[in-house]
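# Topology and contacts: notes
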Amino acid sequence: RLKPAALVRYTPETPLSFDLNASINLDGLYSVGLFTRNFSTVGLLAQLILAEYRLGYALELPSGPASQQRFTTHEFSLVVSASLLKFHSRSPEEF
């Protein structure tokens, strides 16, 4: 199941920033996807879904004019699913 997402950030005195990404859930256990940030970086993201936990990894690389900057970011995440509100779903299909 495909999950597209967009994020727009604005703070005074800084340029408008946006992220676009799309991920797909595989077998209810894995999620993989691609993203871009301001079309100046590209990245790969992956998650392993284990009951109430999600272990994630993201790799971000510069692209276009920014590719001459030699930076790469690696991000690790741990997501804990807590049913604080009864109407929130904890189903892996609703990732």
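Thresholds applied
- Residues numbered from 1 in each chain as written.
- Predicted model: local features only at pLDDT ≥ 70, side-chain atom pairs only at ≥ 80, totals over all residues.
- Heavy atoms only, no water.
- Phe/Tyr/Trp six-rings, centres within 6.5 Å; stacked < 30°, edge-to-face > 60°.
- Helix = DSSP H or I, 4+ residues; strand = E, 2+ residues; numbered from the N terminus.

### Focus on the packing of aromatic side chains
Here the structure, examined in full by the defined rule, presents 2 aromatic pairs. Judged by centre distance (5.4 Å) and plane angle (65 degrees), the rings of F18 and F39 are edge-to-face. In this pair, F18 is assigned in strand β2 (residues 17-26) and F39 in the loop between β3 (30-37) and β4 (41-50), connecting sequence segments 21 residues apart. Here Y57 and F76 contribute two aromatic rings whose centre-to-centre distance is 5.1 Å and whose plane-to-plane angle is 50 degrees, an arrangement assigned as tilted. Placement of the pair is Y57 in strand β5 (residues 53-62) and F76 in strand β6 (residues 73-80), with a sequence separation of 19 residues.

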